[in-house]
Structure formats: structure tokens, C-alpha cells
Amino acid sequence: MDFLNNSSELIFNVKDLCYSYNEQIVALDHINLTIHPGEKLAILGSNGSGKSTLLKILDGLYFSDSGTVTAFGQILSEQAFRDDRFNFEFRSLVGFVFQDSDTQLFMPSVWDEIAFGPLQLGLDQNEVISRVETALLALHIENLRDRAPYQLSGGEKKQVALASVLSMTPEIWVLDEPSAGLDPRTVSWLIEFINAQSSNGKTIILATHDLSLAEATADRVYVLDEKHQLIAESTPGKILSDRSLLIKANLISK
Ligand SMILES: Nc1ncnc2c1ncn2[C@@H]1O[C@H](COP(=O)(O)OP(=O)(O)OP(=O)(O)O)[C@@H](O)[C@H]1O
Ligand SMILES: [Mg+2]
């Protein structure tokens, strides 16, 4: 796609980003980060540190108060998303899996939920059917196809949410606390899924406070602290062996 081919080398470039809710509650304080094509990046931080806010800004759902966020070399702004072509291309490339699956799921059946994205992309009927069936198989949820998403368990909802993003075949996966509420077998499966997407050349950006998930998936880690600032960036090995850093960021207790 033009958008990706014409892009600068970075997928995202965040410079001096600040964001507050209602101009009062600081969520992100002077954040600088870069995300390169094909990397697996984890953003680690404790509850309330700003992870979800940061991911929503990367996904163009919120916009910075100050500083800039560039995606594929283009500044993300409300105005940029008013351009239909930009909006379409961005939404085709970037898939977002919400922390809370109830925010993501809204269609009457699982099948319709997974078909929604491909239909929005304007794909023909056979392609839509093929994408839905592929996603149902990949997520092992063929048996849920006719169920109502709101009647599923939390883990099943997460699988449907992942399937609804997979059917869009995004180049960039943005995953907010993807392992939260999943049983151990489903977490192992999730790790394999993320790593398989990465092996296919996709870029992975995930936010979590689950150190083992970061270790099993990421090749680079940023740490957000409780003051909503980035306090470290390194390999998972270095970050996870730095006990004083992890205590400072409230990622382990003393
Ligand atoms: N809709 C909102 N209105 C007001 N403040 C908010 C809103 N959403 C988040 N905040 C505040 O912004 C800060 C960052 O929240 P955010 O949800 O980004 O944290 P998080 O790192 O994702 O936390 P968690 O691990 O609990 O998901 C917190 O202080 C939170 O209280
Ligand atoms: Mg969050």
C-alpha cells in the first residue's frame, strides 16, 4: 500500500507528547518514543501509568495536547483523520485490540463481528467470507460463530476481538493488556499468535504490566512510571533484571 511504501523508516515517532484528561488529570508527560517496522515492542507500566492512553493516541483515537505523533511520516491529528483516504489507509494498516473487549464488540453475532472490518474495507463477498472463516479457524472459535459476543466469557470475547482484528490483516498490531483475564493455556496460545504475526513481518506494540508476557514476546521494552513518564528503554533481558527499576515503576513489589 502506498501509505506504507511512502513512509519514512519509522512506523510511529512520538515527540514530547503530553496528554491530560479534561485538562486536569495528567496521563502522559513528555513522552518520546519510536517504533520501527517489524519490531515487537512492549510498553510496561503499572495501573494508571498511561499505557492505554498512549495506545489510543497511537491509534488516532485521542490526540495530543502538545508534542507530535507521527505515523508513517504523517502527523496524526483530527484534521488528518477527516481525510477519507488517510483514515482508510491508517485503519487498514493499524489494528487495535482494546483492553476491555466490551468496548470492541458490538455486532449481534461473532460472525458479523469478524466480517465488519472487511466489509468496511469494501472487500467483495467471497473475500469477506474467506477472511472470516480464516480468522475463526486461526482463533479456534468456529463453534462460537453464531453466538452473541456479549454473551461470551471474558476469554472468548478476547478471542473474538483478536479475530475481528485479524480479519483486517493489519500490518501493525496494537494490543492493550492482551493477556488480562486469560487462562494459562490461552496465554501460551496468545504468545504463539503474537510471535507468529511477528514472523510474518507484522509490527507488534503491546501494553502490559505482565512481565512474563513482555519477556515472551517483546524485543524492546519501554517503561512508564506512575508519574506518567517514560523512565527506561532497553531489551526485555535488561529491563527485567533491573529490580530497582521494576520496583520504582511498581511492576514488582519489594
Ligand atoms: N476517561 C478518563 N477520564 C479521566 N481520566 C482518565 C480517563 N481514562 C484514564 N484516565 C486517567 O489517566 C491516567 C492513565 O490512565 P490509563 O488508562 O492510560 O492507564 P493504564 O496504564 O492503561 O492503566 P491500567 O493498567 O489500569 O489499564 C490514570 O490516572 C487514569 O485515572
Ligand atoms: Mg490500561
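Residues numbered from 1 in each chain as written. Chains lettered and ligands numbered in written order. Predicted model: local features only at pLDDT ≥ 70, side-chain atom pairs only at ≥ 80, totals over all residues.

Peer 1: Break down the site of ligand 1 for me, citing the residues and quoting the values.
Peer 2: Neighbouring ligand 1 are 13 residues; Tyr21, Asn47, Lys51, Ser52 and Thr53 lie closest to it. Of all the elements in the fold, those that place two or more residues in the shell around ligand 1 are strand S2 (25-35) and helix H2 (51-58). Here the element with the most residues in the shell around ligand 1 is H2; it accounts for 3 residues. A breakdown of the residues in the shell around ligand 1 according to their chemical character gives 3 nonpolar, 9 polar and 1 charged. (Near = placed C-beta within 6 Å. Helix = DSSP H or I, 4+ residues; strand = E, 2+ residues; numbered from the N terminus. Nonpolar A, V, L, I, M, F, W, Y, C, P; charged D, E, K, R; others polar.)

Peer 1: Any chance you could break down the packing of helix H6 (residues 110-120) against helix H8 (residues 154-166) for me, citing the residues and the numbers?
Peer 2: Each packed pair of helices is defined by two parameters, the angle between the axes and the distance between the axes. Put simply, H6 and H8 touch, their axes get as near as 7 Å, and they point 30° apart. Crossing geometry of H6 relative to H8 is assigned as right-handed. Across from Val110, Glu113, Ile114, Phe116 and Gly117 in H6, the residues of H8 making contact are Val160, Ala163 and Ser164. For the contact of H6 with H8, the per-class residue count stands at 5 nonpolar, 2 polar and 1 charged. (Axes fitted to C-alpha atoms, helices over the stretch in contact; angles between N-to-C directions. Left-handed = near helix turned anticlockwise from the far one by under 90°. Contact = placed C-beta atoms within 7 Å.)

Peer 1: Can you explain helix H7 (residues 125-138)? Please cite residues and give values.
Peer 2: In a regular helix each residue adds 1.5 Å, so 14 residues correspond to 20 Å; H7 covers 20 Å between its end C-alpha atoms and thus fits that length. Along H7, the positions that sit buried rather than exposed are Arg131, Val132, Ala135 and Leu136. Down the axis of H7, the buried side of the element spans an arc of 130°, and every buried residue falls inside it. The outward face of H7, more than 90 degrees from its buried face, is lined by the exposed residues Asn126, Glu127 and Leu137. Check the buried side of H7 and you find it contacts H6 and H8. Just past H7, the residue His140 takes up positive phi, approximately 55°. (Expected span 1.5 Å × (residues − 1). Buried ≥ 20, exposed ≤ 12 C-beta atoms within 10 Å, placed from the backbone. Arc of directions from axis to C-beta.)

Peer 1: Pulling in residues and values, what's your account of the nonpolar core?
Peer 2: Ranked by size, the top nonpolar core spans 67 residues in total, and within it Val174 and Ile205 carry the most contacts. A total of 6 residues in this core trace back to one element, the largest contributor, which is H8. Beyond its immediate stretch of four places on either side in the chain, Ile205 contacts Ile35, Leu41, Leu58, Ile172, Trp173 and Val174. (Core = buried A, V, L, I, M, F, W, Y, C linked by C-beta atoms within 7 Å.)

Peer 1: Give a description of the environment of Thr208 that names residues and reports values.
Peer 2: Within the element layout of this structure, Thr208 appears in strand S8 (residues 203-208). Classification of Thr208 by C-beta neighbours within 10 Å gives buried; the count is 24. Sequence separation between Thr208 and Ile43 is 165 residues; the distance between their C-alpha atoms is 6.4 Å. Those residues in contact with Thr208 that sit more than four places away from it in its chain are Ala42, Leu44, Glu177, Ser179, Leu213 and Ala214.

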